Amino acid sequence: MSLSDSDSSSDDDFVIEVLRVLPRPRFFRDRSNPFTEYDDIDFKQRFRLSKTMLIELLDMVQDHLCQNTLRNMSLSPILQLLITLRYYATGAFQRHLNQMPKTEADRKLVYENFYKMRQFPKVIGAIDCTHIRIQSPNKNIGERFRNRKGYFSINVQAVRNSNLQFTNIVARWPGSVHDSTIFDNSLLRAQLENNEFGDAVLVGDGGYACRNYMMTPLSNPTTEAEVQYQKAQIGTRNVIERTFGVWKRRFPVLSVGIRTQIPTTLVTIIATAVLHNMLIKSNDPLPVDETLLIDDLRQQVPVFLVPQTGNIKRRTLIDTVFS
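- Per an unreviewed UniProt entry, the protein is named DDE Tnp4 domain-containing protein, and its organism is Acyrthosiphon pisum.
- Under the Sequence similarities (unreviewed entry) heading, UniProt states for the protein: "Belongs to the HARBI1 family."
- The UniProt entry for the protein carries this comment under Cofactor (unreviewed entry): "a divalent metal cation".

The following block contains the structure:
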């Protein structure tokens, strides 16, 4: 069923379907105002945010949305925001994110929350990449964006904390670029190598190099300690995939494909990540119809062999913590 704005009949069908599943009284409303046109459930279904969250977001950004124009038909800040949110929610419309804990007290809280999951110590975040589908760029650079699954994408690297929020995101690399290349060229790697996060570690998959600050899975665990390490590492790492799934379910434009110019596409990715963090912080649940949606856009890139320089620390961790 299409949720396109141009298809009012499909919207009516959708409302009828929701009413069938969740019986609620239907009201005749003022069609000129989205706040009265849609009740709380329909509003969130359409714009992905609750009315309360929208007002909070509008208060944060409306000064940047005001238009210095005398044209009679200029869009109000709230309408601009609603149009943007509608686009994020459907994909059917015509960089800054860094909250890595710097203080020892902040890191300790993250350590404790991660440790409760699988008893893996000193974890500051789980890292991975996910592909965001895009339209084909122009012919001169298009093939750089074709990933190993054959479609055009941006390969987005992200770190999540223990609360399902993104703490670091890199959204600028074409889909053909491997995960390890993105990390090796990131500011985050430089910060870790400069010991800006103390002895904290990230957990990543086998596509990353094992380093003192990056704990990766073993290729062939044999001892009991190695098996326990492997289970803890994988269980802790997999939370990033869950975060990607929630992010894409909340903003389906990330799954169906972004059809804008590359600079706008990158802004869209970052903006939805910021909104995701806001919604997680406010304990805002997913819209009703999206809770069972399967994240079929999560594409696993083949693992390449990369140099391993953190094997000593990983071995020490296995022998002292998991044995």
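### Thoughts on the pattern of salt bridges
Line of reasoning, step 1. Enumeration over the complete set of coordinates arrives at 12 salt bridges.
Line of reasoning, step 2. Three or more residues joined by partner-sharing salt bridges are found here, namely Asp 184, Arg 189, Glu 193 and Arg 211.

### Details of the environment of Asp 63
Line of reasoning, step 1. The residue Asp 63 is located in helix H4 (residues 51-65) in this model.
Line of reasoning, step 2. Judged by relative accessible area, Asp 63 falls into the exposed class, the value being 66%.
Line of reasoning, step 3. In this structure, the C-alpha to C-alpha distance between Asp 63 and Pro 77, residues 14 residues apart in sequence, is 8.3 Å.

### Description of helix H10 (residues 239-250)
Line of reasoning, step 1. Here H10 spans 17 Å end to end across 12 residues, near enough to the 16 Å set by a 1.5 Å rise per residue.
Line of reasoning, step 2. Burial analysis of H10 places 10 of its 12 residues in the buried class, which makes it a mostly covered element.
Line of reasoning, step 3. Taken together, the buried positions of H10 are Val 239, Ile 240, Thr 243, Phe 244, Gly 245, Val 246, Trp 247, Lys 248, Arg 249 and Arg 250.

So, how was this worked out
Residues numbered from 1 in each chain as written. Predicted model: local features only at pLDDT ≥ 70, side-chain atom pairs only at ≥ 80, totals over all residues. Heavy atoms only, no water. UniProt positions renumbered as here; feature names shortened; annotations may be inferred. Salt bridge = Lys/Arg side-chain N within 4 Å of Asp/Glu carboxyl O. Helix = DSSP H or I, 4+ residues; strand = E, 2+ residues; numbered from the N terminus. Buried < 20%, exposed > 50% of the residue type's maximum accessible area, 1.4 Å probe, protein only. Expected span 1.5 Å × (residues − 1).

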